[in-house]
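Structural features, examined
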Amino acid sequence: MADVASGGKSGKVVIRNIGLLLSGDLDQPILEADTVVVVDGIITAVGREKDCDTAEPATLIDARGGCLAPGLIDSHVHPVFGDWTPRQGQIGWIDSSMHGGVTTMISAGEVHLPGRPKDIVGLKALAITAQRAFDNFRPGGVKVLAGAPIIERGMVESDFAELAAAGVTLLGEVGLGSVKAGYEAKEMVAWARKHGIQSTIHTGGPSIPGSGLIDKDVVLEADADVIGHINGGHTSLSEAHVCELCEKSSRAIEIVHNGNERVAIAAAQAALQLKCPHRVILGTDSPAGSGVQPLGLLRLIALLSSLGRIPAELVFCFATGNTARLRKLNCGLVEVGRDADFVFMDRAQHSAGRTLLESVELGDIPGVGMVMIDGLVRCGRSRNTPPAHEIPQVMNDH
Ligand SMILES: [Zn+2]
């Protein structure tokens, strides 16, 4: 199961007896529905069981009254090749994150590659190679959108056109290369945008020796699509400057696990106060100096919900539907026509919370009972989370 390629169709999948259906949509985070039907990896019905065509499924799953939510999207990872990270010398970290409910990851740059090329032809070649490699190979079935070049001085518009034509859709964190001044970054970010490439900027102090400070004025001037790790990676700008970024920029507010926790809460609360919660997206920024956290997104959700006092059903939207919309992905929302990427959860055994949402609001992380990607079951009871109170059961399997 660790190296499922992109092929393989789910056929018809019926998921019944869902006790809590989280949609991923901030405007209606909880759906009045107990059944989801999937055909060949795409959601075809969401509703009450009696209203759905549940006949003759290839796979029938009893959710046993637990929660179904869109699979989590990690907006900020640093993959290299396959399921290996040289940052902490680990293998299997992506599959392990799938056991933490993650079904999609977005690269913020393959920066940890030993000997990473920094010349222009080399950095373009790496980006195209990474995009192809992860498109062809999905550890644990996780969709890894990679091939995110780190821009360097000397690049011209035709470089961005060439990258886009080759299938590159992302820029790695602006500021990790030699382009650190606002006016330089602004020009390249605009070229990228013109050619359909989405950009993320590093925000805050240096991450590791060799990287540098990007302050709020550079972030505002560069105007990248995503204010990457607005709460620092790990060293944050001041809380006042972070709130100023939330107010003065209209771009995505990305909060990460491997950042400053206090400022993470401040940024999320600022977005709510400014009435722009749709801009908030979550990531881990792993692998990093802090390691790899397979439960990083669940931990961040519990942090924002418990200490940040934000209803858990809203925080789940930050890690699913918000990210899908801002990054134009077909996953992240439970609605007809979307990819059938789901995480099945329940309150962890012996949590003080009486329900899943209450347990998260009390600071506990949920138990994952199953993960499905493109309608295919990728794991049953998670090997990493605390055990869920109830876990779904596959009632038939052909
Ligand atoms: Zn960074």
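Structure report, in brief.

From N to C terminus, the chain includes eleven helices and 20 strands. For the chain, whose C-alpha radius of gyration is 20 Å, the value lies close to the compact-globule estimate of 21 Å for 398 residues. Its C-alpha atoms give the chain principal-axis dimensions of about 60 × 40 × 35 Å. A buried classification covers 57% of the 398 residues belonging to the chain.

Let us look at the nonpolar core. Of all hydrophobic cores here, the largest spans 124 residues; its most connected members are Leu68, Ile255, Ala267 and Ile301. Per element, the largest residue contribution to this core is eight residues, and it comes from helix α7 (residues 261-273). Excluding residues that lie within four positions of it along the chain, leucine 68 makes contacts with Ile15, Ile18, Leu21, Val36, Ala63, Phe342 and Phe344.

Bringing helix α6 (residues 239-248) into the picture now. Residues of α6 that are buried include every one of Val242, Cys243, Leu245 and Cys246, and no others. All buried residues of α6 project into a common sector of 150 degrees when viewed along the axis, lining one side. With respect to the buried face of α6, the exposed residues turned more than 90 degrees away are Ala240 and Lys248. Along its buried surface, α6 packs onto α5 (216-222), β14 (226-227), β15 (252-256) and α7.

So, about the sheet that holds strand β18 (residues 367-373). Across the sheet, which stays open at both edges, the six strands sit in the order β3-β2-β7-β17-β18-β19 with mixed pairing between neighbours. The sheet is open, and its two borders are formed by β3 (30-31) and β19 (376-379), each paired with just one other strand. For strand β2 (residues 20-22) and strand β7 (residues 67-70), the ladder comprises two bridges, and the chain directions are parallel. Along β7, the bridge assignment pairs leucine 21 with leucine 68.

This part is about the environment of threonine 200. Secondary-structure assignment places threonine 200 in strand β13 (residues 200-201). For the pair formed by threonine 200 and isoleucine 227, sequence separation is 27 residues and the distance between their alpha carbons is 6.1 Å. When neighbours within four sequence positions are excluded, threonine 200 is seen to be in contact with Ala108, Leu171, Glu173, Val174, Ala224, Asp225, Val226 and Gly228.

A separate point is the pairing of strand β1 (residues 12-16). Successive side chains on a regular strand alternate, one facing one side of the sheet and the next facing the other. The pairing of β1 with strand β4 (residues 35-39) spans four bridges and is antiparallel. In the sheet register, isoleucine 15 faces β4, and the bridge partner there is valine 36. Looking at chain direction, β1 and strand β6 (residues 59-62) are connected through four bridges and run parallel. Directly across from isoleucine 15, in β6, lies its bridge partner isoleucine 61.

Angle between the axes and distance between the axes: these two values describe a pair of packed helices. For the pair α6 and α7, interaxial distance at closest approach is 9 Å and the crossing angle is 30 degrees. In this structure, α6 meets α7 at a crossing whose hand is right-handed. Here Glu239, Val242, Cys243 and Cys246 of α6 come into contact with α7, specifically with Val263, Ala266, Ala267, Ala270 and Ala271. Residue composition of the contact of α6 with α7, by class: eight nonpolar, no polar and one charged.

Spatial ordering of the open sheet is given by β8-β11-β12, a layout of three strands whose pairing is parallel. On the outer flanks of this sheet lie β8 (72-77) and β12 (143-145), each paired with one strand and no other. Strand-to-strand twist in this sheet, taken as the mean axis angle between neighbours without regard to direction, amounts to 20 degrees. As paired strands, β8 and strand β11 (residues 102-107) are joined by four bridges and run parallel to one another.

Here the focus is the environment of aspartate 217. Structurally, aspartate 217 can be placed in helix α5. Taking the C-alpha atoms as reference points, aspartate 217 and leucine 245, 28 residues apart in sequence, are found 8.9 Å from one another.

Across the five residues of β15, five count as buried, placing the element largely inside the fold. Burial along β15 is two-sided: Ala252, Glu254 and Val256 and Ile253 and Ile255, pointing in opposite directions, are all buried. This β-α-β element, β14 to α6 to β15, shows right-handed connectivity. Pairing between β15 and strand β16 (residues 280-283): four bridges, direction parallel. Bridging from a neighbouring strand, isoleucine 253 pairs with valine 280 of β16. Between β15 and its parallel partner β16, the chain crosses via α7, and the hand of that crossover is right-handed.

Those residues of helix α3 (residues 157-165) that fall on the buried side of the exposure criterion are Asp159, Phe160 and Leu163. Here the buried residues of α3 occupy an arc of 95 degrees about the axis, which is enough to place them on one side. Away from the buried face of α3 by more than 90 degrees, exposed residues Ser158 and Ala165 are located. Contacts made by the buried residues of α3 are with α2 (120-136) and α4 (182-194). Two residues or fewer past α3, glycine 167 is found with a positive phi of approximately 105 degrees.

At their nearest, the axes of α2 and α3 sit 10 Å apart, and the two run at 20 degrees to each other. Compared by their axis directions, α2 and α3 come out roughly parallel. Remark: the crossing between α2 and α3 carries right-handed chirality. Contacts between α2 and α3 pair Ile120, Lys124 and Ala127 from the former with Asp159, Glu162 and Leu163 from the latter.

Criteria and thresholds
- Residues numbered from 1 in each chain as written.
- Predicted model: local features only at pLDDT ≥ 70, side-chain atom pairs only at ≥ 80, totals over all residues.
- Helix = DSSP H or I, 4+ residues; strand = E, 2+ residues; numbered from the N terminus.
- Rg over C-alpha atoms; globule rule 2.2 N^0.38 Å.
- Buried ≥ 20, exposed ≤ 12 C-beta atoms within 10 Å, placed from the backbone.
- Core = buried A, V, L, I, M, F, W, Y, C linked by C-beta atoms within 7 Å.
- Contact = placed C-beta atoms within 7 Å.
- Arc of directions from axis to C-beta.
- Pairing = 2+ DSSP bridges.
- Axes fitted to C-alpha atoms, helices over the stretch in contact; angles between N-to-C directions.
- Left-handed = near helix turned anticlockwise from the far one by under 90°.
- Nonpolar A, V, L, I, M, F, W, Y, C, P; charged D, E, K, R; others polar.
- Right-handed = clockwise from strand over helix to strand, strands pointing away.
- Parallel < 35°, antiparallel > 145°, perpendicular 65-115°, else oblique.

Shape is all these values report; function is a separate question.
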